[in-house]
Amino acid sequence: MTGNATAANPAGQPTASGSGSMAGPVSRRWRMLALLGVAQLMVILDVTVVVIALPQLGADLGLSRSSLTWVVSAYTLTFGGLLLLGGRLSDLLGSRTVVLAGLGIFTAASLVIGLSDGPGSLIGGRAAQGLGAALLSPAALSLAVRLFDGEERTKALGIWSSLSGAGAALGVLLGGVLTAGPGWAWVFYVNVPIGVVLLLVLARWLGDDRPAAAGTRRLDPAGALLVTAAAASAAYGLTNAGEHGWLAVPTLLPATVAVALSLGFAAHQRAAAAPLIDPALLARRSVATGTFLIMVATALMISVFFLGTFALQHVRGYGALATSLMFLPVALGTVAGANLAARLVGSRGPGPVSAAGLLVAAAGTALPVVLAGTGVIVAGMSVAAVGLGAVFAGASTIALSRAGQHEAGIASGILSTFHEFGAALGVAATSSLAAASIAGTSRTGITHGLALASAVATVAAVVALLAIRNPTPVVRAACRTSVSRRRFVRHYLEMVIATAAGMVAIHPVLELATASSSR
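Reading guide: rules and limits
- Residues numbered from 1 in each chain as written.
- Predicted model: local features only at pLDDT ≥ 70, side-chain atom pairs only at ≥ 80, totals over all residues.
- Heavy atoms only, no water.
- Helix = DSSP H or I, 4+ residues; strand = E, 2+ residues; numbered from the N terminus.
- Buried < 20%, exposed > 50% of the residue type's maximum accessible area, 1.4 Å probe, protein only.
- Contact = heavy atoms within 4.5 Å.
- Areas by Shrake-Rupley, 256 points an atom, 1.4 Å probe, with all protein chains shown as cover.
- Salt bridge = Lys/Arg side-chain N within 4 Å of Asp/Glu carboxyl O.
- Polar contact = N/O pair within 3.5 Å; in protein donor to acceptor, adjacent residues only side chain to side chain.
- Expected span 1.5 Å × (residues − 1).
- Phe/Tyr/Trp six-rings, centres within 6.5 Å; stacked < 30°, edge-to-face > 60°.
- Core = buried A, V, L, I, M, F, W, Y, C linked by side-chain atoms within 4.5 Å.
- Axes fitted to C-alpha atoms, helices over the stretch in contact; angles between N-to-C directions.
- Parallel < 35°, antiparallel > 145°, perpendicular 65-115°, else oblique.
- Left-handed = near helix turned anticlockwise from the far one by under 90°.
- Nonpolar A, V, L, I, M, F, W, Y, C, P; charged D, E, K, R; others polar.
- Patch = residues over 30% accessible without salt bridge, like charges linked within 9 Å, V, L, I, M, F, W, Y side chains within 5 Å.
- pLDDT = per-residue confidence, 0-100.

## A word on the overall build of the protein chain
Link 1 in the chain: When you go through the protein chain residue by residue, the secondary structure sums to 19 helices and zero strands.
Link 2 in the chain: Within the protein chain, buried positions represent 57% of all 519 residues.
Link 3 in the chain: Taking as baseline every contact in the protein chain between residues at least 6 positions apart, the subset at least 24 positions apart corresponds to 84%.
Link 4 in the chain: Split by element, the accessible area of the protein chain, about 19,600 Å² in all, is 68% carbon and sulfur.

Pasting the structure below:
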């Protein structure tokens, strides 16, 4: 779920104004970009492609609810926690070395997971995949940036940014096709031949780019371990709540440890000679608010995918392929919401756009709580996806709007880190609330999970409005008249109604396409 051009350069590598593109024939540079893009696409879709396979994977291996949760969380926690460190390693050792190392680890881990016959090797392999992704993603973007100059670089970064939406859509479709066909293991096996080919070609094509003054740069492995351990401990406590209760010792103790580790991380960053995250940068209201909103939006998005998968497969009785087809409008809705928000941010301001997106998401997740039926589930998830897509665009703008050019890389890296942490914490919390539905066919747990998602989205919308106290002059002018306010509200209501109506309208088509699936 990572792949934005603005969010994948945590090491602060040169951007469009940076120096030194890699020389070479035009056609060769674009072929190299295509290869690097395929590698990045593997990293992006490895969240959504796995979520679709979870019910069959759990049934075949006899996994508990908590183990299913860690299949997602082990990847996102390791990916997010080590992402900034991967960017620093790219600075220190050269992007070529780090890309090849990350790709090799990711490919080998995919093979191990496909061969897994129990939770140990499966979850361990997912953590190793996250390590490979944390090395591969920032270094691949660094190489992609340095391949081009001027207008070509802008075009290349636009292509790179589009991989995020493409990965989500492709992931849900590929997950359904592979799980319904050769089986869940091929969700991971498919990475192996692609990874091997990419390794061989990139090792030959990429030149040595190790910096001459590498010895002057420093790493912060202690910081990476502290922030990853804090997020993992929080996820562990949230996961335990499903079996032990929210106020039980197995839930509260890991939560307490998570708070202590977070405080330790903050103290370490203030004292470190080369901190992983600049404390002064994260202390800025705009960066902190944008990071918070990105984390919440990602938690809500992964919750929609996670709960929707079990609602459609366990409760409604659809197969993996039918489920993946129903998720396509959800994935595409995210892209549509982000594109719409990108056009509105300049005139309305990122705070109001993010708040409106969160309210749309709240309405979408509340829809299956009050109404039942497959069409309602798909419509609700799709409406929520449009709103969350808008939040992703608005929150990124909030976080990066007051970061200097020299700070853009690290600020976007912070967003990427908490993007992944949001996914881990979101799936941990919702899996505990939906424990009964994941273990059986009850709708109650999923309803509770969606109700929590709706409440969280509503609270986050209020935070977005209160935290951004300095709207743009255009926003202030637009809010002076009731006519402007009514137009603004009406615009989003029309977006919600149109999306919901469209999803309900295609429900009969989905029913016909999946008539062979048992309910």
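We are not done yet, so read on.
## Topic: the pattern of salt bridges
Link 1 in the chain: Summed over all chains, the structure comprises one salt bridge.
Link 2 in the chain: With its nearest N and O atoms 2.7 Å apart, the salt bridge here joins D46 to R126. Here D46, found in helix α1 (residues 26-61), pairs with R126, found in helix α4 (residues 119-147); they are 80 residues apart in sequence, far enough to count as distant.
Link 3 in the chain: When its relative accessible area of 0% is taken as the criterion, D46 is described as buried.
Link 4 in the chain: Among the residues examined, R126 registers a relative accessible area of 0% and is labelled buried.

## Observations concerning the side chain of T289
Link 1 in the chain: Its location among the elements puts T289 in helix α11 (residues 285-315).
Link 2 in the chain: Looking at T289, its side chain comes within polar contact range of the main-chain oxygen of R285, at 2.7 Å.
Link 3 in the chain: Excluding residues within four positions of it along the chain, T289 makes contact with I398, A467 and I468.

## Considerations on α4
Link 1 in the chain: In this model α4 runs 41 Å from its N-terminal to its C-terminal C-alpha over 29 residues, within 8% of the 42 Å that 1.5 Å per residue would give.
Link 2 in the chain: Across the 29 residues of α4, 21 count as buried, placing the element largely inside the fold.

## Quick look at the environment of V51
Link 1 in the chain: Along the chain, the position of V51 falls in helix α1.
Link 2 in the chain: Between the alpha carbons of V51 and V72 there is a distance of 7.5 Å; along the sequence they are 21 residues apart.
Link 3 in the chain: Contact partners of V51, with chain neighbours within four places excluded, come to V72, I302, F305, F306 and T309.

## Some details on the packing of aromatic side chains
Link 1 in the chain: Per the counting criterion, the structure on display carries six aromatic pairs.
Link 2 in the chain: Taken together, a centroid distance of 6.4 Å and an interplanar angle of 80° make the contact between W184 and F188 edge-to-face.
Link 3 in the chain: For W184, a relative accessible area of 7% gives the class buried.
Link 4 in the chain: When its relative accessible area of 1% is taken as the criterion, F188 is described as buried.

## Quick look at the nonpolar core
Link 1 in the chain: Grouped together as the largest cluster of nonpolar side chains are 126 residues, with contacts concentrated most on L36 and L202.
Link 2 in the chain: When residues of this core are assigned to their parent elements, the largest contribution, 19 residues, is made by α1.
Link 3 in the chain: Ignoring sequence-local partners within four residues, the contact set of L36 consists of V99, A140, L143, A144, L147, W160 and L202.
Link 4 in the chain: The next biggest cluster of nonpolar side chains, apart from the first, holds seven residues, and it includes A341, V345, V353 and A393.

## As for the packing of helix α13 (residues 350-370) against helix α14 (residues 374-401)
Link 1 in the chain: Their axes nearest at 7 Å, the elements α13 and α14 cross at an angle of 160°. Compared by their axis directions, α13 and α14 come out roughly antiparallel. Classified by chirality, the crossing of α14 by α13 is left-handed.
Link 2 in the chain: Across the contact of α13 with α14, the residue classes break down as 18 nonpolar, nine polar and no charged.

## A closer look at the packing of helix α12 (residues 320-348) against α13
Link 1 in the chain: Two numbers describe how α12 lies on α13: the axes approach to 7 Å, and their chain directions differ by 135°. Classified by the interaxial angle, the pair formed by α12 and α13 is oblique. Every residue of α13 that contacts α12 at A341, L344, V345 and R348 is listed here: P350, P352 and V353.
Link 2 in the chain: A class-by-class count of the residues in the contact of α12 with α13 yields six nonpolar, no polar and one charged.

## Here's the deal with helix α17 (residues 444-467)
Link 1 in the chain: Here α17 contains 24 residues, and its C-alpha end-to-end distance of 35 Å stays within 8% of the 34 Å for a straight helix at 1.5 Å per residue.
Link 2 in the chain: Residues G445, I446, T447, G449, L450, A453, S454, A457, A460, A461, A464 and A467 constitute the buried set of α17.

## Digging into the side chain of T107
Link 1 in the chain: By secondary structure assignment, the location of T107 is in helix α3 (residues 95-114).
Link 2 in the chain: On the basis of relative accessibility, which here comes to 5%, the residue T107 falls in the buried class.
Link 3 in the chain: Residues contacting T107, with those up to four places away along its chain left out, are N191, V192, G195 and V196.

## Points about a nonpolar patch on the surface
Link 1 in the chain: A cluster of nonpolar side chains, L173, V177, L321 and L325, forms an exposed patch at the surface whose accessible area comes to about 270 Å².
Link 2 in the chain: Sorting the residues of the nonpolar patch by element identifies α5 (150-180) and α12 as the ones contributing at least two each.

## Brief notes about the environment of L63
Link 1 in the chain: Tracing the backbone shows L63 in the loop between α1 and α2 (65-93).
Link 2 in the chain: Separated by 55 residues in the primary sequence, L63 and G118 place their C-alpha atoms 7.7 Å from one another.
Link 3 in the chain: For L63, the residues in contact, after removing those within four places along its chain, are L57, G58, L68, V71, P119 and L122.

## Topic: the confidence of the model for the protein chain
Any segment with low pLDDT has predicted coordinates that should not be analysed in fine detail.
Link 1 in the chain: Mean pLDDT over the protein chain works out to 78, with 79% of the residues at or above the 70 mark.
Link 2 in the chain: A low-confidence stretch, residues 471-519 (pLDDT under 50), is modelled with 58 contacts involving residues beyond four sequence positions or located in other chains.

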